[in-house]
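The lines below spell out each chain.
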Amino acid sequence: MSGDFNGLAAVVTGGASGIGAATVRRLLESGARVAVLDLRPENAPEGSLGISCDVGDTGSVRTAVAEAARTLGGIDVVVNNAGIGAQGNVAANDDDEWDRVLNVNVKSVARVSREALPHLRKSANAAIVNTASIAAAAGLPERVLYSASKGAIRAMTLAMAADHIREGIRVNCVSPGTANTPWIGGLLSKSADPEAERAALNARQPHGRMVEPEEVAEAICFLASPRNKSTAGVCLAVDGGMEGLRLRPVGE
Ligand SMILES: NC(=O)c1ccc[n+]([C@@H]2O[C@H](COP(=O)([O-])OP(=O)(O)OC[C@H]3O[C@@H](n4cnc5c(N)ncnc54)[C@H](O)[C@@H]3O)[C@@H](O)[C@H]2O)c1
């Protein structure tokens, strides 16, 4: 895909870590100019433009998207990737926590997209890629709020794709399985037995390991690439088969 994004400008939210950072590096390698909208812009990958932004705040998003468009000379690609976790069953989180997580994980996608749309409409190669999760497609224990937020992303992706396909803006999403990012590293370090927890997460995916952030970045770049202009409204799983496969236990 080298050079696929030559001349194009991309905005990646949450691009300072994990899946977002791998996506930024992949886009830069492929010729894009890239702005990273993140709470920690100082960690944006080398070669990208780090912009301080809280995707949970409308004013912050408005200012950051405008700065990205001005500095990059437009916006062709938006990757709505910033997100936070939430744990527990349906009774575990109070209304404030529901509002906080849905604000950052769901309303942010509307905020960033609506600010970017006027710029995307001027592009001949416009694409939005959202980051959903296996949690939207499979029932995972203790993840009710997080799953709700990612289910919304899947549904929004389809509705957004329908609204914008005729104006030449393609919208798709990726659905990663458990990915080997600082987020998961942080969760593991808090567990009583991090090695056992890591082994359990590896074993949950049919290919026997966590997904690497670079693998998700590859899928995001496929969906965003001008070479794939017939792909719209798709949710591309990058989960080692976790969503669709039903293996027999090892040895049977
Ligand atoms: N890691 C996984 O197992 C996994 C699996 C499926 C989906 N996802 C999704 O992938 C995305 C990225 O996850 P990751 O594992 O790379 O996480 P990460 O924690 O490594 O990176 C997330 C980035 O988002 C930024 N961020 C968080 N809140 C923000 C806010 N309000 N405004 C701006 N930036 C903010 C953080 O500063 C960080 O740089 C998330 O949407 C997550 O839900 C992750």
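Residues numbered from 1 in each chain as written. Predicted model: local features only at pLDDT ≥ 70, side-chain atom pairs only at ≥ 80, totals over all residues.

With that settled, the discussion passes to the site of the ligand. Taken together, the neighbourhood of the ligand is formed by 28 residues, with Gly14, Ser17, Gly18, Gly83 and Thr181 sitting nearest. Mapped by element, the contributors of at least two residues to the shell around the ligand are α1 (18–29) and α5 (182–190). Within the shell around the ligand, the residues separate by chemical class into 13 nonpolar, 12 polar and three charged. Shared between two domains, the shell around the ligand holds at least three residues of each, these being domain 1 (9–176 + 213–236) and domain 2 (178–210). (Near = placed C-beta within 6 Å. Helix = DSSP H or I, 4+ residues; strand = E, 2+ residues; numbered from the N terminus. Nonpolar A, V, L, I, M, F, W, Y, C, P; charged D, E, K, R; others polar. Domains from an automatic or database assignment.)

With that out of the way, let us pick up the pairing of strand β2 (residues 33–38). Each regular strand carries side chains that alternate between the two faces of the sheet. Taking burial as the measure, the six residues of β2 include six buried ones, the bulk of the element. The alternating pattern of β2 places Arg33, Ala35 and Leu37 and Val34, Val36 and Asp38 on opposite faces, both of which are buried. In terms of strand pairing, strand β1 (residues 9–13) meets β2 through five bridges, oriented parallel. Note that in β2 the partner of valine 12 across the bridge is valine 36. In this region the chain leaves β1, passes through α1 and returns to the parallel neighbour β2; the handedness of that crossover is right-handed. As defined by bridge partners, β2 adjoins strand β3 (residues 49–52) across four bridges and the pair is classed as parallel. Counted as the bridge partner of alanine 35 is leucine 49 from β3. (Buried ≥ 20, exposed ≤ 12 C-beta atoms within 10 Å, placed from the backbone. Pairing = 2+ DSSP bridges. Right-handed = clockwise from strand over helix to strand, strands pointing away.)

Let us now look at the nonpolar core. Across soluble globular proteins, nonpolar side chains have a tendency to be buried as a group. Formed by 69 residues in total, the largest nonpolar core has its most connected members in Ala10, Val11, Val216 and Ile220. If near-sequence neighbours (up to four positions away) are discounted, isoleucine 220 is found in contact with Thr23, Val79, Val129 and Val174. (Core = buried A, V, L, I, M, F, W, Y, C linked by C-beta atoms within 7 Å. Contact = placed C-beta atoms within 7 Å.)

The subject of this paragraph is unusual backbone geometry. Generally, phi is negative for residues other than glycine and the peptide bonds are trans, each holding for most cases. Its identity is not glycine, yet glutamate 142 carries a phi of approximately 65°, on the positive side. Within the element layout of this structure, glutamate 142 appears in the loop between β5 (126–131) and α4 (144–164).

Our focus in this paragraph is the domain arrangement of the protein. One can read the domain layout of the protein as domain 1 (9–176 + 213–236) and domain 2 (178–210). Once you take the C-alpha centre of each, domain 1 and domain 2 turn out to be 24 Å apart. Between domain 1 and domain 2, the contact holds seven residues from the first and five residues from the second. Of all the secondary-structure elements, those providing two or more residues to the side of domain 1 that touches domain 2 are α1 and α7 (213–224). Along the lines of polarity and charge, the residues of the side of domain 1 that touches domain 2 split into four nonpolar, three polar and no charged.

This brings us to the packing of helix α2 (residues 58–72) against helix α3 (residues 95–120). Viewed as axis vectors pointing N to C, α2 and α3 meet at an angle of 30°, and their least axial separation amounts to 9 Å. One way to sum up the angle between α2 and α3 is to call them roughly parallel. For the pair α2 and α3, the sense of crossing is right-handed. Contacts between α2 and α3 involve Thr58, Val61, Arg62, Val65 and Ala69 from the former and Arg111, Val112, Glu115, Ala116 and His119 from the latter. (Axes fitted to C-alpha atoms, helices over the stretch in contact; angles between N-to-C directions. Parallel < 35°, antiparallel > 145°, perpendicular 65-115°, else oblique. Left-handed = near helix turned anticlockwise from the far one by under 90°.)

The next thing to look at is the packing of α3 against α4. Look at α3 against α4: their axes get within 9 Å of each other, and the N-to-C directions meet at 20°. Accordingly, the angle class assigned to the pair α3 and α4 is roughly parallel. The interaxial crossing formed by α3 with α4 has right-handed handedness. For the pair formed by α3 and α4, the contact residues are Glu97, Trp98, Val101, Leu102, Asn105, Val106, Val109 and Ser113 on the first element and Leu145, Ser149, Ala152, Ile153, Met156 and Met160 on the second. Looking at the contact of α3 with α4, its residues break down into 10 nonpolar, three polar and one charged.

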